[in-house]
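# Architecture at a glance
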Amino acid sequence: MQVMVETNDGLERKMRVTVPSDQVELRISEKIRQTAKDVRLKGFRPGKVPLREVKRRFGEGIRHEVSNDMIQSTYGEALLREEINPAGMPKIEGVRIEEGQDLEYTAIFEVFPEVTVSSFESIELEKLISEVDEPDIDKMIDTLREQRIDYQEAGRASQEKDKINLDFEGFVDNEGFEGGKAEGADVVLGSGSMVPGFEEGIVGLTVGEEKDLEITFPHDYQAENLAGKDAVFKIKINSVSQPNLPELNDDFFKMFDVEDGGYETFRDEVRKNMERELDAVITAKIKERVMNGLDETNEVVLPQALLNQEIDRLRQETLQQFGGEGASQIDPSLLPSEMFSERAAKRVKLGLLVNAIVEQNEVKPDDVRVKTMIDTLANSYEDPEQVKNFYFSNEQQLKQIESMVVEEQIVDLIMESAQVTEKKVSYEEGVRREPASIEKEPEANDGEVLGENEEPGGTIDDNEKA
């Protein structure tokens, strides 16, 4: 086999492969003999079909099949011989598969770039320092109680925080509009769920009372046909219910799987889960800032093949996230690549940089950290041992954990040399997510800090979510 490699622009390579005709014809002959044993033809006994008849009927198809198989196998052999690491699948062209001639083809592909990682000392980042204080716990407990408010008939005029059931219909220039009518709608006064001025306009009304409420839609209202318009809502109050906060008693604590120990145990559980959530979010922020610093201080030539693969992956993720049940029926290619090109480029670039750091520093997953991460995940489930066995007996799942640990080790490695400044922040600022992230991280759940069956980054069973 002969191999010639040409360097085109950038990362593109053109590899011409020639396979001697005697090797090709030998493989074709073997395939013809095998076919003669298996084929069933009218007029011939099984296994007794003459080779010339098999060649006459199936020779051309066998030649194409054998040639395709040999292209696949010799392509890999040629890469190994030339010590080439391709990025993505090749484009095969210029194929010659004529009888008695050498098999020839050209493979066009991109290679991975040579990545030189700049000094970590050039990275500047801010590390947040935060802790859970007693007032933070008090506020969280208040939030948990508010999430489980029970409403009862008030028997009075409506006021702030009451839940109002009402009928309404809106008009602009004496004409109704889409979405402007409802019957039996519930509105909590002060929640800000309605157009500005609506909730304020029904404070002080009683059951059965009707009113024409005049409001003006905001100029940036999402429905352009209503933005900035004056409207009149005809409303009728059906019921006024006042909020009753649940008492801090054993029944309330049991909602969060605190069976014994009363208020002190409940409060301690709230604190521990708040600390765990705070630690998870701050760790995610540090990783995000480290990766941003790595991105900003390095330049890498990106293979278009990897960019295309990542764009396709992001298309699929988007459909899964927003497509609902019909996502599988949508062709991902209908989503324009421009929607994902910037994010894909950053992902690919960071992937190449991280891989380079792993290779250059011989980073391997720390077994102790792997076990600790699995223990942490398992402890949020009812049967921790079952979860631990699942991870350690499932090679794919274990590799995912090991990859996460390696990322943590790389973050630590970079921070040892980076210019890090510490900033003390409140708990609320500590658990607040960054405005943007190239990778989707689990969202912080305000007030949702207790419960079993927790997922990494989450803090409560879905059945408990308010």
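Residues numbered from 1 in each chain as written. Predicted model: local features only at pLDDT ≥ 70, side-chain atom pairs only at ≥ 80, totals over all residues. Heavy atoms only, no water.

What follows is about the packing of aromatic side chains. Summed over the entire model, instances satisfying the criterion amount to 15 aromatic pairs. Between F252 and F256 the ring centres are 5.3 Å apart and the planes differ by 65°, which places this aromatic pair in the edge-to-face class. Like F252, the residue F256 is buried in the burial classification. When the ring of F253 is compared with that of Y263, the centres are 6.4 Å apart and the planes differ by 45°; the resulting orientation is tilted. Here F253 is found in helix α5 (residues 250-254), whereas its partner Y263 is found in helix α6 (residues 262-296), with 10 residues between them in sequence. Given the relative accessible area of 31%, Y263 is considered partly exposed. Within the aromatic cluster, the residues linked to one another by ring pairs are F168, F177, F198, F217, Y221 and F233. (Phe/Tyr/Trp six-rings, centres within 6.5 Å; stacked < 30°, edge-to-face > 60°. Buried < 20%, exposed > 50% of the residue type's maximum accessible area, 1.4 Å probe, protein only. Helix = DSSP H or I, 4+ residues; strand = E, 2+ residues; numbered from the N terminus.)

The next subject is the side chain of N298. Counting through the fold element by element, N298 comes out in the loop between α6 and α7 (304-322). At 2.7 Å, the side chain of N298 forms a polar contact with the backbone nitrogen of S118. Once you skip the residues sitting within four places of it in the chain, N298 turns out to touch T116, V117, S118, K349 and L353. (Polar contact = N/O pair within 3.5 Å; in protein donor to acceptor, adjacent residues only side chain to side chain. Contact = heavy atoms within 4.5 Å.)

Counting residues in each nonpolar core, the largest one holds 43 residues, and the members touching the most others are V117, F266, V270, L294 and I414. For this core, the elements supplying multiple residues, two or more each, are α3 (134-147), α5, α6, α7, α8 (341-361), α11 (395-417) and α12 (427-431). Tallying contributions element by element places α6 first for this core, with nine residues. Judged by nonpolar contacts, the second largest core, of 26 residues, contains A36, V66, L103 and V111. (Core = buried A, V, L, I, M, F, W, Y, C linked by side-chain atoms within 4.5 Å.)

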